[in-house]
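Residues per chain, in single letters:
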Amino acid sequence: MKIIKKIKKLIKIIKKIKNNSTLIPTMGNIHNGHLELIKQSNLLSKITIVSIFINKLQFNSLKDYLNYPKTIKKDLKKLKKNKVNIVFIPNQKEMFPNGLYKHTIVSVKKTSTILENINRPKYLNGVSTIICKLFNLIKPKYAIFGEKDFQQLYIIKTLVKELNYNIKIISIPTKRNKNGLAISSRNNLLNSKNKNIAKYIYKYLLQFKKKIIFQDYKNIKKIKKNILKKFIKKKINVESLKIRDSKNLKKIGKKSKKAIILISVFIEKIRLIDNIKVNIKKK
Ligand code: PAF
């Protein structure tokens, strides 16, 4: 496994590989969710490249950025064991040589001001900017992302289309713990009591899904209210709970066939997100 820290060296290697690789962008703290993406990559192509870069641009608060779990040594061991060929680990200066705040920003206008971005205005522009940089440098054939960050996946698919990248985006269903909790680096910030509480996020999403009859909008409001009460009882602070057409992230309309329920919550100070897909039954 090659570990590359400098862009110059990366460019040299990519010239040899051409566009035959699969890229898995990460911010490190490699967990079973990432390993699932790597498994898929090993099936798809001979060269798996994982990038590890905690992207300051996509954090709304410095504290959140500084608190992000950093486990580089362990990460490298796991990546090697799982047959990753190249790891790209640049530092901030390498990626943002002129400083962070003067850097060009890529903004996917369609969704960069809705849903997740309402509460975290820097998040999606930060993601789309860093993803474009990684795509330009690595020129992969495929790039793989998890479905847990659904809006992130949506903006990446959109920028590939609108900016004409010749890259196929592959999405992998959310990997969950035995109790249903979506695997995320942020889970490491939860104490064991809160980890136990966090299982209710998916449990209640499943209940919400079961109860939804999409054509009856009045009913949806009532169901949502009841679900929100359940979260309050468990001391889970729901920041946002939305149902959207999964094709375009717009509100459900008459033509909608597939929906997605998107949730973001706080358990104490830890922010967690999850989602669940729903097929809309026509009456
Ligand atoms: O999902 C993540 O870990 C990050 O948002 C990503 C895609 C690596 C961009 O920094």
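Just above, that's the structure.
Residues numbered from 1 in each chain as written. Predicted model: local features only at pLDDT ≥ 70, side-chain atom pairs only at ≥ 80, totals over all residues. Heavy atoms only, no water.

Student: Outline empty space enclosed by the protein, supporting the account with residue identities and numerical values.
Tutor: Within the structure shown, the criterion is met by one cavity of 30 Å³ or more. Size it by volume and the largest cavity reaches roughly 790 Å³. Along its surface, the largest cavity is lined by 43 residues, and His34, Tyr68, Lys148, Asp149 and Gln152 are the ones closest to its centre. Listing elements by their share of the lining of the largest cavity, those giving two or more residues are β2 (21-26), α2 (32-44), α7 (123-138), β5 (142-146) and β9 (270-279). Considering each element in turn, the lining of the largest cavity owes the most residues, five residues, to α7. (1 Å grid on protein atoms, 1.4 Å probe; cavity = no way out; pocket = protein on both sides within 12 Å on 5 of 7 lines; lining within 4 Å. Points joined across faces, edges and corners; volume = space filled by probe spheres on them. Helix = DSSP H or I, 4+ residues; strand = E, 2+ residues; numbered from the N terminus.)

Student: Residues and numbers for the packing of aromatic side chains, please.
Tutor: Across all of its chains, the model carries six aromatic pairs by this definition. Look at Phe53 and Phe96: their rings are 5.9 Å apart centre to centre, the planes differ by 50 degrees, and that puts the pair in the tilted class. With a gap of 43 residues between them, Phe53 in the loop between β3 (47-52) and α3 (62-67) and Phe96 in the loop between α5 (92-95) and α6 (116-119) connect regions that are remote in the sequence. By the burial criterion, Phe53 is buried, and Phe96 matches it. Plain terms: the ring middles of Phe135 and Tyr165 are 5.5 Å apart, the flat faces sit at 75 degrees to each other, and that makes the pair edge-to-face. Here Phe135, found in helix α7, pairs with Tyr165, found in the loop between α8 (150-162) and β6 (168-172); they are 30 residues apart in sequence, far enough to count as distant. Tyr165 shares its class with Phe135; the two are buried. What links up through ring pairs into an aromatic cluster is the set Phe59, Tyr65 and Tyr68. (Phe/Tyr/Trp six-rings, centres within 6.5 Å; stacked < 30°, edge-to-face > 60°. Buried < 20%, exposed > 50% of the residue type's maximum accessible area, 1.4 Å probe, protein only.)

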